[in-house]
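Single-letter residue listing:
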Amino acid sequence: MKDICEKIFFEQFGYKNQITSFAPGRVNLIGEHTDYNGGFVLPMAITKGIFAAAKKRDDKKIRLYSEDFKEDLVIESDLENIEKTGKWADYPLAVVKTFSSFGFKIDCGFDIAYIGNLPGGAGLSSSAALETVTIEILKNLFSLYITKETAAIMGQFAENRFVGVNCGIMDQFASSVCIKNHAVMLNCTTLAHKNVNLPDTVDVLIINSMVKRKLKGSAFNDRRKECEAALNFFKEKEGASFLCDVSIATFNKYKDFLLGNVMKRAKHVISENNRVIESAKALSCGDVAYFGELMNKSHISLRDDYEVSVEQLDFITEKAREIKEVYGSRMTGAGFGGCTVTLTKKGEAGRIAEYIKDIYYKRFGIKAESYIESAGDGAFTF
Ligand code: GLA
């Protein structure tokens, strides 16, 4: 795909690019909606992602083209006066603004062409991959020293500040920092992280329900507000700085004083954070059966307490759990549609995927997609 990306650059701009970069999407194995509550997450980068080819210009123009949004043609902007376009290009443009907010100097214009193989709106972080690949390519094009961790913080800043989705750090961190064959156990408060080896006895099966997350922005921001309400309560009672600091015992002591939805959101976040800690322990001693159980519990909690699942995701995960060779199955990402992640016995994922897609089609009339993924590297330049 690298070659195709470079060819597209040439076709669009009429000269050869200087460099080519890649950033992956991610699948979160467990730890959903804990990142912006100061907790732990356990995602891995996947091998699908977005490629970008770029070259500097000798004026202040920015020209962006994406093969995945061909209909938008080349989008032009001015380095000194970047305005929203209402199109996909707002993500890379947000990144450019973020460079200057962080004091990194981009002193001339540039052209970038993108192409990806990540399904959009599927909960596999195509927007984080787009932000991350733009940071990666600009950092190299302008010879700036930016660590992978800083790149993740910049990606999140771009999305929070300029795109307007109040996401946590997980997606950009995974897309930037992950390494091959490993998931990353990340403490979202301190950004301390540990690579967790994935046992070679399992396959990671992603099933895309093909239900697009239409409401993501607003529903996501609503959940954040409910978590803030819970945090304010525990701050006052127990001096908690983050919702994930609250222990299960403390939560149980006060839960009857919280309003219905706020109580349910807090219950999910606090229990999910504990599940991530347990999961990392289980994986490091190869206990995939226990890890699978934790994945199942995570899904139930997202369905009943955080209320971000939809019936299609419930169906896929329930049917998966009935299969003997499945260790665990859950929705992954923000929810409201998108993908599920299922841990299967090695070599069984293909057969299981076909079976589930077949019964899913019979039930909903929707053709699901499936991807058997391995843990890939975070962003790099060729
Ligand atoms: C989205 C956000 C992440 C995280 C997940 C839910 O992917 O971008 O920061 O909050 O949802 O776990």
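To start, this report covers the structure provided alongside it. Just so it is clear, the structure is predicted and the values come from calculations on it, not from any experiment. (Residues numbered from 1 in each chain as written. Predicted model: local features only at pLDDT ≥ 70, side-chain atom pairs only at ≥ 80, totals over all residues. Heavy atoms only, no water.)

This next bit is on the packing of aromatic side chains. If you walk through the whole model with that rule in mind, you get 19 aromatic pairs. Ring plane angle 45° and centroid distance 5.5 Å describe the contact between Phe22 and Phe380, whose orientation is recorded as tilted. Of this pair, Phe22 sits in strand E1 (residues 19-30) while Phe380 sits in strand E12 (residues 380-381), and the two are 358 residues apart along the sequence. Counting every residue linked through ring pairs, the aromatic cluster contains Phe22, Phe51, Phe380 and Phe382. (Phe/Tyr/Trp six-rings, centres within 6.5 Å; stacked < 30°, edge-to-face > 60°. Helix = DSSP H or I, 4+ residues; strand = E, 2+ residues; numbered from the N terminus.)

Below, the discussion takes up helix H5 (residues 170-177). The buried fraction of H5 is high, at eight of eight residues. Listing the buried residues of H5 in full gives Met170, Asp171, Gln172, Phe173, Ala174, Ser175, Ser176 and Val177. (Buried < 20%, exposed > 50% of the residue type's maximum accessible area, 1.4 Å probe, protein only.)

Right, let's talk about the pattern of salt bridges for a bit. Applying the stated criterion across every chain yields a total of 29 salt bridges. A salt bridge links Lys281 to Glu278; the nearest nitrogen and oxygen atoms lie 3.4 Å apart. Taken together, the positions of Lys281 and Glu278, both in helix H8 (residues 260-284) and three residues apart, correspond to about one turn of that helix. Residue class for Glu278 comes out partly exposed when judged on its relative accessible area of 26%. (Salt bridge = Lys/Arg side-chain N within 4 Å of Asp/Glu carboxyl O.)

Let us look at the layout of surface pockets. Considered as a void within the structure, the largest pocket measures approximately 740 Å³ in volume. Secondary structure elements with two or more residues in the lining of the largest pocket: strand E5 (110-116), helix H3 (126-141), H5 and helix H6 (216-238). With four residues, H3 is the largest single contributor of residues to the lining of the largest pocket. Of the residues in the lining of the largest pocket, the class split is 17 nonpolar, 13 polar and nine charged. Counting only domains with at least three residues in the lining of the largest pocket, you end up with domain 1 (2-198) and domain 2 (203-373). For the second largest pocket, the calculated volume is near 210 Å³. Lining the second largest pocket are 13 residues, with Val202, Lys346, Glu373, Ser374 and Ala375 positioned closest to its centre. Contributing elements (two or more residues each) for the lining of the second largest pocket: strand E8 (202-208) and strand E11 (369-373). Per-element tally for the lining of the second largest pocket: the top contributor is E8, with three residues. Along the lines of polarity and charge, the residues of the lining of the second largest pocket split into seven nonpolar, two polar and four charged. (1 Å grid on protein atoms, 1.4 Å probe; cavity = no way out; pocket = protein on both sides within 12 Å on 5 of 7 lines; lining within 4 Å. Points joined across faces, edges and corners; volume = space filled by probe spheres on them. Nonpolar A, V, L, I, M, F, W, Y, C, P; charged D, E, K, R; others polar. Domains from an automatic or database assignment.)

In the vicinity of the ligand, the contacting residues are Arg26, Glu32, His33, Asp35, Tyr36, Cys167, Gly168, Met170, Asp171, Phe220 and Ala334. Backbone polar atom of His33 to an oxygen atom of the ligand: 2.6 Å apart, as the coordinates give it. At 2.8 Å from an oxygen atom of the ligand is found a main-chain nitrogen or oxygen belonging to Gly168. Across the complex, the protein chains shield 99% of the 310 Å² of accessible surface that the ligand would expose by itself. Split by residue class, the shell around the ligand holds five nonpolar, two polar and four charged. (Near = heavy atom within 4 Å. Polar contact = N/O pair within 3.5 Å; in protein donor to acceptor, adjacent residues only side chain to side chain. Areas by Shrake-Rupley, 256 points an atom, 1.4 Å probe, with all protein chains shown as cover.)

Enumeration over the complete set of coordinates arrives at zero disulfides. Cys167 takes part in no disulfide bond, and the closest cysteine sulfur, belonging to Cys188, lies 11 Å away. Accessibility expressed as a relative area gives 5% for Cys167, which makes it buried. (Disulfide = S-S within 2.5 Å.)

A word on the pairing of strand E9 (residues 326-332). Counting buried positions along E9 gives six out of seven residues, so the element sits mostly inside the fold. Sheet analysis places E9 next to strand E10 (residues 339-345), joined by six bridges and oriented antiparallel. In the strand pairing of E10, Thr332 is matched with Cys339. (Pairing = 2+ DSSP bridges.)

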